[in-house]
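Analysis of the macromolecular model
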Amino acid sequence: KLKEELKSISQKPYRRINKFIYLSLIGAIKCGANAQIDKDTAIYLATNYGSSSSTVSSLSQLYIEKTLPMPLDFINTAANIGGFYVASHFELLSKNICISSDIDSFQQALELAHLDIQSNEIQSALVGGVDETIEPLEEFYRYTPLPNSELLMEGSCWLFVSASKD
């Protein structure tokens, strides 16, 4: 489903990407469709747990299967991997920051973007919050400190912010 959704909004070919990257791209592309994004637009990506499925897969390969992780699984464990793909999609050359925190990560990213705009360090930014769950959900609860009764959601929500009054 995510693959088809990405194909419907982007002409660029993406291969061997994980759910976290799909979510990052889909949200940012939809946000950027009506924004004045130029090469100097910065990215502030916030996430609670990052690319959870790739992290669990890599750790399972390493500690349970006693093998080296698959290269793409390992590479995709980097928290900033979603921001990397978003920057690549829009051909951005500015800041690309990932804030990973289980408390208010999106608010922290938005505040940092605001401070950078106020200090004239940047003129515009894509600020996104991206989280994925691990399926089956029992696996997700196993690797996170959340109680099994916690409502889980995954998604990608992005804002375009600018110093411009327009």
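In every chain, residue numbers begin from 1 and rise along the written sequence. Local features in this predicted model are restricted to residues of pLDDT 70 or higher, and side-chain atom pairs are both shown and tallied only at a pLDDT of 80 or more, whereas totals for entire chains, interfaces and linings draw on every residue. Heavy atoms from the whole structure form the basis of all side-chain values; hydrogens and water molecules are not counted.

**Points about the sheet that holds strand E1 (residues 42-47)**
Pairing in this open sheet of four strands is mixed, and the strands run E2-E1-E3-E4 from one edge to the other. Two strands bound the open sheet, and with one partner strand each, they are strand E2 (96-100) and strand E4 (155-162). Mean inter-strand twist for the sheet, computed between neighbouring axes without regard to direction, equals 15 degrees. Paired strands, in this sense, are two strands between which DSSP finds at least two bridges. For helices the rule is a DSSP run of H or I covering at least 4 residues; for strands it is a run of E covering at least 2, with both sets numbered from the N terminus onward. Both strand E3 (residues 124-131) and E4 contribute to a ladder of eight bridges, which runs antiparallel. From the neighbouring strand, Ser 124 faces E4, where its bridge partner is Ser 162. We call two residues contacting when some pair of their heavy atoms lies within 4.5 Å. Lines fitted to C-alpha atoms define the axes, with helix axes restricted to the stretch in contact, and inter-axis angles between N-to-C directions lie between 0 and 180 degrees. Across the sheet, helix H2 (residues 19-32) touches E1, E3 and E4, and the angle it forms with E4 is around 40 degrees. Helix H6 (residues 105-118) rests against E1, E2, E3 and E4 of the sheet, and its axis sits at about 160 degrees to E1.

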